[in-house]
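Understanding the architecture of this molecule
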Protein chains: 4
Amino acid sequence: MSPDQTPTFVHRMRFRVRYSEVDRMGTFYNARALEWFEAARVEYLRAVDLPYDRMEADGVHLPLIEAHLDFRGRAGFDDLLEMSVSGRMVGKARVRFDMDVCQADDPDRRVVSGYTVHAVTTRDGRPIRGPQWLAEGIAPPAGERKTES
Amino acid sequence: MSPDQTPTFVHRMRFRVRYSEVDRMGTFYNARALEWFEAARVEYLRAVDLPYDRMEADGVHLPLIEAHLDFRGRAGFDDLLEMSVSGRMVGKARVRFDMDVCQADDPDRRVVSGYTVHAVTTRDGRPIRGPQWLAEGIAPPAGERKTES
Amino acid sequence: MSPDQTPTFVHRMRFRVRYSEVDRMGTFYNARALEWFEAARVEYLRAVDLPYDRMEADGVHLPLIEAHLDFRGRAGFDDLLEMSVSGRMVGKARVRFDMDVCQADDPDRRVVSGYTVHAVTTRDGRPIRGPQWLAEGIAPPAGERKTES
Amino acid sequence: MSPDQTPTFVHRMRFRVRYSEVDRMGTFYNARALEWFEAARVEYLRAVDLPYDRMEADGVHLPLIEAHLDFRGRAGFDDLLEMSVSGRMVGKARVRFDMDVCQADDPDRRVVSGYTVHAVTTRDGRPIRGPQWLAEGIAPPAGERKTES
């Protein structure tokens with residue numbers, strides 16, 4: 001997932017496809033994947049002890065500026081999925097998250113993968129360099145890998 | 001729609017069912033009806049010249065406190081629907097909207113109807129009596145009925 | 001929650017408010033409550049061993065025909081909520097679910113409650129009486145109450 | 001928008017940001033852009049006389065396999081937006097749509113742009129080459145450009 005082959009901290013989470021998320025072809029509606037990605041970022045930041053609300057209280061925002069999705073397979077109502085997510089700085093003023101979703105009982109049945117890129121800004125949207133604590137905290141050593149279901 | 005039989009001002013709007021709104025049974029997902037109702041309230045308030053943003057600028061908010069929906073028939077992808085909406089004060093401190101959605105080409109094929117009840121509050125959520133201009137403006141005489149597609 | 005005071009089987013589930021579910025007033029968008037109610041029904045039916053997919057495989061569908069919501073308080077991004085849900089037959093051909101959502105750490109801070117009413121139908125939407133196994137299974141004795149977080 | 005500079009048929013549509021689409025930062029929630037893109041594809045295909053439902057009746061499906069979004073600016077509740085969309089074949093078995101959304105009253109205030117790539121398949125998901133009528137119809141000469149608000 002990471003372009004350089006350095007092992008990275010990965011957070012994993014499991015969730016079920018809601019009925020409301022399934023379209024008339026019987027698979028999840030595409031836009032829902034962006035909601036899943038958002039939920040994954042929130043859990044990832046909690047896992048690396050940089051919770052969203054504290055960041056925003058510190059005046060640091062991460063507005064989404066780019067998103068990419070590759071749809072790889074179907075996922076129907078009530079399917080149990082597993083998503084892995086990892087984050088890192090890209091340069092001084094960008095954060096990137098990579099997400100990968102598969103069927104929980106068969107990692108080879110991939111569902112959707114993608115990435116999101118975020119600016120680092122003040123509350124009023126002015127771009128800033130990512131503060132030291134963000135750069136240090138966003139991508140912990142792979143050894144500290146935690147997983148959660 | 002109105003419990004007393006007084007003719008009321010009714011606003012009408014037409015819209016198509018989006019692909020994203022259809023569930024795996026081929027009909028609109030139930031929660032979407034509440035989004036349609038919201039869009040109808042916005043258009044209604046614009047039609048009676050009480051636009052949302054101006055109300056909020058005047059410090060008057062209408063938070064939703066109750067909603068009721070009766071699902072009456074199917075509506076599939078790309079179906080053209082027509083919604084009628086009317087609003088009125090209920091007592092001094094409540095606003096109620098009634099909505100009715102049917103297939104645009106056949107009013108007898110009803111889709112979903114319902115109502116929403118709103119408190120009148122300040123920006124910070126403190127209940128207030130509806131101001132005079134709200135009480136006078138929210139339910140114009142039926143004679144001024146406008147429709148728009 | 002139940003109009004007659006008979007103790008009923010109640011399923012409980014916990015979930016966090018997603019960022020995507022919060023509106024510009026900082027509280028969950030109203031239509032999302034209907035999605036939560038849907039998720040609760042799915043978990044309830046699984047808890048009483050009448051999973052949705054098996055019901056549909058048996059040719060029994062429960063299309064929504066009525067929904068009611070009372071909005072009682074705010075719930076912001078990442079708030080941990082607890083929802084209780086119980087189901088029962090209403091007459092021979094209707095199923096009703098009652099839902100109640102509060103802040104998980106303070107049951108007195110209620111968020112939204114409501115109910116949904118469902119017809120019992122064949123796959124092609126023809127109304128039928130609820131089969132014996134549905135009537136017997138949907139509302140187990142209160143003593144079998146299970147909870148799950 | 002098109003990588004080669006050939007003028008292409010472009011369909012334009014206008015729409016307002018719904019209250020339900022706005023997040024707590026006061027701008028549209030990111031996943032909604034994928035719903036807007038979907039609505040744009042539907043209108044584009046109708047404009048080039050290849051309506052979705054007729055394609056599906058002919059056994060040709062266009063499942064989404066890739067999506068990309070660049071978020072360029074804010075759009076708040078009730079803002080009137082304009083989206084341009086154009087489609088074309090990419091090779092023999094892929095369709096690509098390019099979308100660009102801006103504030104309707106100021107094309108320089110861009111909101112979100114992106115593209116989606118679709119496989120051409122049978123109803124059961126088997127990849128096929130795009131039929132002749134699809135290849136010929138999807139990208140009419142620029143001279144036939146139509147716009148619609």
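Worth saying up front: this structure is predicted, and the values here are computed from it rather than measured.

Let us now look at the packing of aromatic side chains. Scanning all chains against the criterion turns up 32 aromatic pairs over all chains. Judged by centre distance (5.9 Å) and plane angle (80 degrees), the ring pair of tyrosine 44 of chain A and phenylalanine 97 of chain A falls under edge-to-face. A residue pair is termed long-range when its members are at least 10 positions apart, and tyrosine 44 of chain A in helix H1 (residues 32–47) and phenylalanine 97 of chain A in strand S4 (residues 94–103) qualify at 53 residues. The pair formed by tyrosine 44 of chain A and phenylalanine 97 of chain A is uniform in burial state, with each residue classed as buried. Each ring, one from tyrosine 52 of chain A and one from tyrosine 19 of chain C, has its centre 5.7 Å from the other, and the planes form 70 degrees; the classification is edge-to-face. Pair noted here: tyrosine 52 of chain A is in helix H2 (residues 52–57) and tyrosine 19 of chain C is in the loop between strand S1 (11–16) and helix H1 (32–47), and the two residues belong to different chains. An aromatic cluster of three or more residues is present, and its members are Phe15, Phe28, Trp36 and Phe71 of chain A. Stacked on the ring of tyrosine 115 of chain A, the Lys or Arg arginine 96 of chain A has its end atom at 4.1 Å from the ring centre.

All right, on to the relation of the copies chain A and chain D then. Note on the identical chains: chain A maps onto chain D by a rotation of 180 degrees and an axial translation of 0.0 Å, with an RMSD of 0.0 Å. Interpreted geometrically, this transformation is the action of a two-fold axis. Measuring from the rotation axis to each C-alpha of chain A, the shortest distance belongs to histidine 68 of chain A, at 2.2 Å. The overlap is high: 100% of the interface residues of chain A also sit at the interface in chain D, so the same surface is used on both sides.

Time to look at the environment of leucine 80 of chain B. Inspection of the secondary structure puts leucine 80 of chain B in strand S3 (residues 80–90). Leucine 80 of chain B has contacts with Arg14, Phe15, Arg16, Gln103 and Ala104 of chain B, leaving out every residue within four places of it along the chain.

Attention now moves to the pairing of strand S1 (residues 11–16) of chain D. Residues and elements named next belong to chain D. Burial of S1 is one-sided: the residues His11, Met13 and Phe15 facing one way are buried, the residues Arg12, Arg14 and Arg16 facing the other way are not. One ladder, built from six bridges, connects S1 with strand S3 (residues 80–89); its direction is antiparallel. From the neighbouring strand, arginine 12 faces S3, where its bridge partner is serine 84.

Read from one edge to the other, the open sheet built from 10 strands follows the order S1(A)-S3(A)-S4(A)-S5(A)-S2(A)-S2(D)-S5(D)-S4(D)-S3(D)-S1(D), with strand pairing classed as antiparallel. In the strand order of this sheet, the two ends are held by strand S1 (11–16) of chain A together with S1 of chain D, each with one partner. Taking each pair of neighbouring strands and ignoring which way they run, the sheet shows an average axis angle of 20 degrees. Relative to S4 of chain A, strand S3 (residues 80–90) of chain A runs antiparallel, the two sharing 10 bridges. By the bridge assignment, glutamate 82 of chain A is partnered in S4 of chain A with cysteine 102 of chain A.

Let us now look at the relation of the copies chain C and chain B. When chain C is fitted to chain B, the best match, at an RMSD of 0.0 Å, comes from turning it 180 degrees and sliding it 0.0 Å along the axis. In this assembly, 100% of the residues forming the interface of chain C have copies in chain B that are likewise at the interface, indicating an isologous arrangement.

Here we take up the interface of chain C and chain B. If you look at the interface, chain C gives 22 residues, while chain B gives 22 residues. Summed over both sides, the interface between chain C and chain B buries roughly 1800 Å², with carbon and sulfur atoms accounting for 51% of that surface. On inspection of chain C and its partner chain B, the count reaches four salt bridges. For the pair chain C and chain B, the interface holds 11 residue pairs in polar contact (both at pLDDT 80 or more). If you list the elements that add at least two residues to the side of chain C that touches chain B, you get H1, helix H2 (52–57) and strand S2 (64–71) of chain C. Looking at which element gives the most residues to the side of chain C that touches chain B, the answer is S2 of chain C, with eight residues. Classifying every residue of the side of chain C that touches chain B by side-chain character gives 10 nonpolar, three polar and nine charged. Bridge count between strand S2 (residues 64–71) of chain B and S2 of chain C: five bridges; the pairing is antiparallel. The partner of alanine 67 of chain B across the bridge, within S2 of chain C, is leucine 69 of chain C.

Each value, and the rule that gives it
Residues numbered from 1 in each chain as written. Chains lettered and ligands numbered in written order. Predicted model: local features only at pLDDT ≥ 70, side-chain atom pairs only at ≥ 80, totals over all residues. Heavy atoms only, no water. Phe/Tyr/Trp six-rings, centres within 6.5 Å; stacked < 30°, edge-to-face > 60°. Helix = DSSP H or I, 4+ residues; strand = E, 2+ residues; numbered from the N terminus. Buried < 20%, exposed > 50% of the residue type's maximum accessible area, 1.4 Å probe, protein only. Lys NZ or Arg CZ within 6 Å of the ring centre and 35° of its normal. Least-squares fit on C-alpha atoms with pLDDT ≥ 70 in both. Contact = heavy atoms within 4.5 Å. Pairing = 2+ DSSP bridges. Axes fitted to C-alpha atoms, helices over the stretch in contact; angles between N-to-C directions. Buried area = accessible area lost by both parts, 1.4 Å probe. Salt bridge = Lys/Arg side-chain N within 4 Å of Asp/Glu carboxyl O. Polar contact = N/O pair within 3.5 Å; in protein donor to acceptor, adjacent residues only side chain to side chain. Nonpolar A, V, L, I, M, F, W, Y, C, P; charged D, E, K, R; others polar.

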